[in-house]
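Residue-level listing of the chains:
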Amino acid sequence: MTLNGWLQIAVFFGLVLLLTKPMGSYMTRVFERRRTWLDPVLVPCEKLLYKLTGVNPDQEMRWTAYATSMLVFSAVTLVLTYVIERVQQYLPFNPQHLGAVAPDLAWNTAISFTTNTNWQSYTPETTMSYLTQMLGLATHNFWSGAVGIALAVAFIRGIARKEARTLGNFWVDLTRAMLWVLLPICIVYSLALVSQGVVQNFHHYDTAQLVEPQTQSVTGADGKTTTTTVTTQTIAQGPVASQEAIKMLGTNGGGFFNANSAHPFENPTPLSNLLEMLSIFLIPAGLTATLGQMTKSPRHGWAVFGAMTLLWFVGVLTCYWAEAQPNPLYHGVNQQVSRLQPGGNMEGKEVRFGIANSALFATVTTDASCGAVNAMHDSFMPLGGMVPMVNIMLGEIVFGGVGAGMYGMLIFVIVSVFIAGLMVGRTPEYLGKKIQAYDVQLSMLYLLIFPTVILTFSAISVLSSMGLSALTNHGPHGLSEILYAYTSSAGNNGSAFAGLSANTHWYNISLGLTMFMGRFLMIIPMLAVAGNLAGKKIVPASAGTFPVTTPLFSVLLVSVILILGALTFFPALSLGPILEHLLLQAGHTF
């Protein structure tokens, strides 16, 4: 670890801190339907959309209607994306003449982008046409991101309102999240990325002559080896910048290229790298300020921000330390930091980003439900790779995905308040509302669905040939690859330990189901909690009320998150990355 690396991390966090309150204040004005500087342009567009779709913006919804509208919208857009993938060979903007996407892969991808996961079991530049990338995938990045923001705002309304039956109007929240929040930022952001060298065109792929021809040997099914000499390279391109912007801002993560944000056409410079990391945290961090302002308790919003920050810093510290350590298997090799070498583990990392920015990016992208990568997590040291996995296992509530991180954290807040109430022998209260058995039961249901889905599918894959046949590594690292895949899918993250060849019938179907359950089965109890909170009375604070605006509350919240995560996943982690770390120190690898 170096001073330069820590300075880069400090600059990143300083910018996040600087942008949190302005972004949160702006979103508060948007969702409370107060005037903003974009209203003269966007209000007419909003009214036109409501007129065309028959939406009454003044009609609010109970939590059941809100959930139903969200599910219907998601189902329709899922089918739309599936159809586009299956018939892309007949559609325009396909200069490479790519064929239809296979049914199981199309199913997996449609669910992946609908659920804000963006898991990619394919190579995008050789599988998806330009139209599919834009109309099927990039649009879903807007839709799924807007759904997450709308759900978070609905939950915050449930906390803020008293003796109310409704949580707002889903169609209004969805529209405002897209028109006022995601779209304007992405227009400016896309142009900024283009200025850094991110491509944006509809050209055919280029072909370049190799300076040094490469020889490749391939062994066929008959056992015969064929040797060919490769003299050219195909250079993919396309409408990348427009997809890259919403991919990061909406914490989606699915790349235009297989190398994702490690590809120079997606992330060419240190400045683009900084912008991409900032955009991941921009809306989730801003929602903590929105929480404080809409509930009339700004200090509570900052207490939640503090808890998230503590978890983020521990993750960055651990990952950076692990990746900066020398690999114990490289005996007699100088791995110390110098002017000529970065030291530590550079496998799977881009030289232009180095260890500090690779560790920071990996932590940020899995603190949120983004899943974009600028280094290959499968090549991290065991403990370094464990950090992204643990971030997702905790529920991606460390700022989290757009909206999803906030409502996930608020579920933990309710559980923490309940535990605090038990400790002092009083009925727990949260911002003046009594937390009762119904709220805790639904909150625990939310928290139990997540590990149940992950561990069940992981166990089936580990014990079956259809799961093990896709592994390229065995032993504890192979277990980590399978565990990471289902954790990433259930957490709607989308990043991967890429040693798992997931484009098989089993993984396409099972990971698709995991993504579906990790998104929608968890949203239902969350909205039920929000609806129940909205109907409660406000009771005055008393001497026995546990304050949720202090550093003590932040520490309690972090403790509850870590204890629940450790109790749930430590056995699996001990057989995966922790065992691999111990074996690596003893000189073994897989």
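Student: Tell me what's going on with the overall build of the chain, and back it up with residues and numbers.
Tutor: Scanning the chain from terminus to terminus reveals 19 helices and four strands. On C-alpha atoms alone, the chain measures out to a radius of gyration of 24 Å, which is about the 25 Å that the 2.2 N^0.38 rule sets for 590 residues. Expressed as lengths along the three principal axes of its C-alpha atoms, the size of the chain is roughly 80 × 60 × 50 Å. Out of the 590 residues belonging to the chain, those deemed buried represent 57%. Intrachain contacts of the chain at a sequence separation of at least 6 include 79% that bridge at least 24 residues. Looking at the chain as shown, the accessible area adds up to about 23,600 Å², and 66% of this sits on carbon and sulfur atoms. Once the 27 positive and 26 negative side-chain charges of the chain are each reduced to a mean point, those two points are 17 Å apart.

Student: Which residues make up the pattern of salt bridges, and what values do they have?
Tutor: Where charged atoms from two side chains of opposite charge come close, those side chains can pair. For the structure shown, the criterion picks out ten salt bridges. A salt bridge links glutamate 244 to lysine 247; the nearest nitrogen and oxygen atoms lie 3.1 Å apart. Here glutamate 244 and its partner lysine 247 are both found in helix H8 (residues 240-249), three residues apart, which amounts to about one turn of the helix. The same class applies to glutamate 244 as to lysine 247, namely buried. Of the charged contacts in the structure, one is a salt bridge between glutamate 266 and lysine 247, with a shortest N-O distance of 2.5 Å. In this pair, glutamate 266 sits in the loop between H8 and helix H9 (270-294) while lysine 247 sits in helix H8, placing the two residues 19 residues apart along the sequence.

Student: I'd like a rundown of the nonpolar core, residues and numbers included.
Tutor: Nonpolar side chains in soluble globular proteins tend to end up buried together. The biggest cluster of nonpolar side chains holds 160 residues, and the ones touching the most others in it are Phe155, Ile283 and Trp312. Residues within four places of phenylalanine 155 in sequence aside, it is in contact with Tyr407, Leu410, Ile411, Ile414, Met526, Val529, Ala530 and Leu533. In this structure, Leu105, Ala106, Met128 and Leu137 belong to the second largest nonpolar core, which totals seven residues.

Student: Got a sec to walk through the confidence of the model for the chain? Specific residues and values, please.
Tutor: Atom-level detail of predicted coordinates should not be read off regions where pLDDT is low. Mean pLDDT for the chain: 91, with 100% of residues reaching 70 or above. Predicted confidence in the chain is weakest over strand S1 (residues 206-219), with a mean pLDDT of 86, and strongest over helix H7 (residues 170-196), with 95.

Student: Explain the packing of aromatic side chains to me, and be specific about the residues and the numbers.
Tutor: Applying the stated rule across the entire model yields 27 aromatic pairs. Ring geometry for tryptophan 6 versus phenylalanine 313: centroids 6.2 Å apart, planes at 40 degrees, classification tilted. Separated by 307 residues along the polypeptide, tryptophan 6 in helix H1 (residues 3-31) and phenylalanine 313 in helix H10 (residues 298-324) bring together distant segments of the chain. Here phenylalanine 313 falls in the partly exposed class, since its relative accessible area comes to 38%. With 5.9 Å between their ring centres and 45 degrees between their planes, phenylalanine 12 and phenylalanine 281 make a pair best called tilted. Pair noted here: phenylalanine 12 is in helix H1 and phenylalanine 281 is in helix H9, with a separation of 269 residues, a long-range link.

Student: I'd like a rundown of the packing of H1 against H7, residues and numbers included.
Tutor: Where H1 meets H7, the closest approach of the two axes is 10 Å, and the angle between their N-to-C directions is 145 degrees. Crossing geometry of H1 relative to H7 is assigned as right-handed. For the pair formed by H1 and H7, the contact residues are Met23, Tyr26, Met27, Val30 and Phe31 on the first element and Asp173, Arg176, Ala177, Trp180, Val181 and Ile185 on the second. Of the residues that constitute the contact of H1 with H7, the class distribution is nine nonpolar, no polar and two charged.

Student: Could you give me a rundown of the side chain of serine 190, with the residues and numbers involved?
Tutor: Mapped onto the elements, serine 190 comes out in helix H7. With relative accessibility at 13%, the residue serine 190 sits in the buried group. If we ignore the near neighbours within four places in the chain, the residues touching serine 190 are Ala241, Ser242 and Ala245.

Student: Report on the packing of helix H6 (residues 130-160) against helix H13 (residues 404-424), specifying residues and quantitative values.
Tutor: The interhelical angle for the contact between H6 and H13, taken along N-to-C directions, is 35 degrees, at an axis separation of 7 Å. For the pair H6 and H13, contact is made by Gly148, Leu151, Ala152, Phe155, Ile156 and Ile159 and by Ala404, Met406, Tyr407, Leu410, Ile411 and Ile414, respectively. The class makeup of the residues in the contact of H6 with H13 is eleven nonpolar, one polar and no charged.

Student: Tell me about the state of the cysteines, and name the residues and values.
Tutor: With the rule as written, the count across this model stands at zero disulfides. No disulfide involves cysteine 186; its nearest neighbouring cysteine sulfur is the one of cysteine 370, lying 12 Å away. The exposure class of cysteine 186 is buried, given its relative accessible area of 4%. A disulfide-free cysteine, cysteine 319 has its sulfur positioned 15 Å from the sulfur of cysteine 370, the nearest such atom.

Student: Describe H6, and please don't skip the residues or the numbers.
Tutor: Taking 1.5 Å of rise per residue, the 31 residues of H6 would be expected to cover 45 Å, and the 44 Å separating its terminal C-alpha atoms lies within 8% of that figure. Helix geometry: H6 is bent most strongly at histidine 140, by close to 25 degrees. With 28 of 31 residues buried, H6 is to be regarded as a mostly interior element.

Student: So what's going on with unusual backbone geometry? Residues and values would help.
Tutor: In the Ramachandran plot, arginine 33 falls in the positive-phi region, its phi being about 60 degrees despite a non-glycine side chain. Note on placement: arginine 33 falls in the loop between H1 and helix H2 (39-53). Even without being a glycine, glutamate 396 presents a positive backbone phi close to 50 degrees. Position of glutamate 396 relative to the elements: it lies in the loop between helix H12 (382-393) and H13.

Student: Explain helix H16 (residues 475-490) to me, using residue names and the numbers behind them.
Tutor: Taking 1.5 Å of rise per residue, 16 residues should cover 22 Å, and H16 covers 23 Å from first to last C-alpha, within 8% of that figure. Among the 16 residues in H16, 14 count as buried, and that is most of the element. After H16 finishes, the residue asparagine 492 shows a positive phi value of roughly 55 degrees.

Student: Outline the environment of glycine 301, listing residues and values.
Tutor: Structurally, glycine 301 is set in helix H10. Discounting chain neighbours no more than four positions away, the residues touching glycine 301 are Thr288, Leu291 and Gly292.

Student: How would you sum up the pairing of S1? Please name residues and give values.
Tutor: Among the 14 residues of S1, zero are classified as buried, and the element is accordingly described as predominantly exposed. Strand direction decides the pairing type here: S1 and strand S2 (residues 225-235), joined by ten bridges, are antiparallel. Directly across from threonine 215, in S2, lies its bridge partner threonine 229.

Thresholds, definitions, all that
Counting starts from 1 at the beginning of each chain's written sequence and moves along it residue by residue. Thresholds applied to this predicted model are a pLDDT of at least 70 for local features of residues and 80 or more for the giving and counting of side-chain atom pairs; totals over whole chains, interfaces and linings are not thresholded and use all residues. Side-chain figures throughout are based on the complete set of non-hydrogen atoms in the structure, without hydrogens or water. Labels follow the DSSP assignment, with helices taken as runs of H or I lasting at least four residues and strands as runs of E lasting at least two, numbered in each case from the N terminus. We compute the radius of gyration from the C-alpha atoms alone; for a globule the expected value is 2.2 Å times N to the 0.38, where N is the number of residues. The cut-offs for exposure are 20% and 50% of the maximum accessible area for each residue type, with area from a 1.4 Å probe on protein chains only; residues under the lower value are buried, those over the upper are exposed, and the others partly exposed. Contacts are residue-level and defined by heavy atoms, with any inter-residue pair within 4.5 Å sufficient. Per-residue and other accessible areas were derived by the Shrake-Rupley procedure at a 1.4 Å probe size, with only the shown protein chains allowed to occlude residues. Residues counted as positive are Lys and Arg, residues counted as negative are Asp and Glu, and His and the chain ends are not counted. Charge placement uses NZ in Lys and CZ in Arg. For Asp and Glu, CG and CD serve respectively. One speaks of a salt bridge when a side-chain nitrogen belonging to Lys or Arg is within 4 Å of a carboxyl oxygen belonging to Asp or Glu. For our purposes a nonpolar core is just a set of buried Ala, Val, Leu, Ile, Met, Phe, Trp, Tyr and Cys residues, chained together by side-chain atoms within 4.5 Å. Known as pLDDT, the predictor's per-residue confidence is scaled from 0 to 100. Here is the rule: rings of Phe, Tyr and Trp (six-membered ring for Trp) pair when centre to centre is within 6.5 Å. Planes less than 30 degrees apart are stacked, more than 60 are edge-to-face, and the remainder are tilted. For helices, the fitted line uses only the C-alpha atoms of the stretch in contact; every axis is such a line through C-alpha atoms, and the angle between N-to-C directions lies from 0 to 180 degrees. A crossing counts as left-handed when the near helix is turned anticlockwise from the far one by less than a right angle, and as right-handed when that turn is clockwise. In this classification, Asp, Glu, Lys and Arg are treated as charged, Ala, Val, Leu, Ile, Met, Phe, Trp, Tyr, Cys and Pro as nonpolar, and every other residue, Gly included, as polar. Any pair of cysteine sulfurs within 2.5 Å is marked as a disulfide. Expected span, for any helix, means 1.5 Å times one less than how many residues it has. Note that bend, as reported per residue, equals the angle between axes fitted to the 7 residues terminating at that residue and the 7 residues originating from it. Pairing between strands is defined by DSSP: at least two bridges between the two strands are required.

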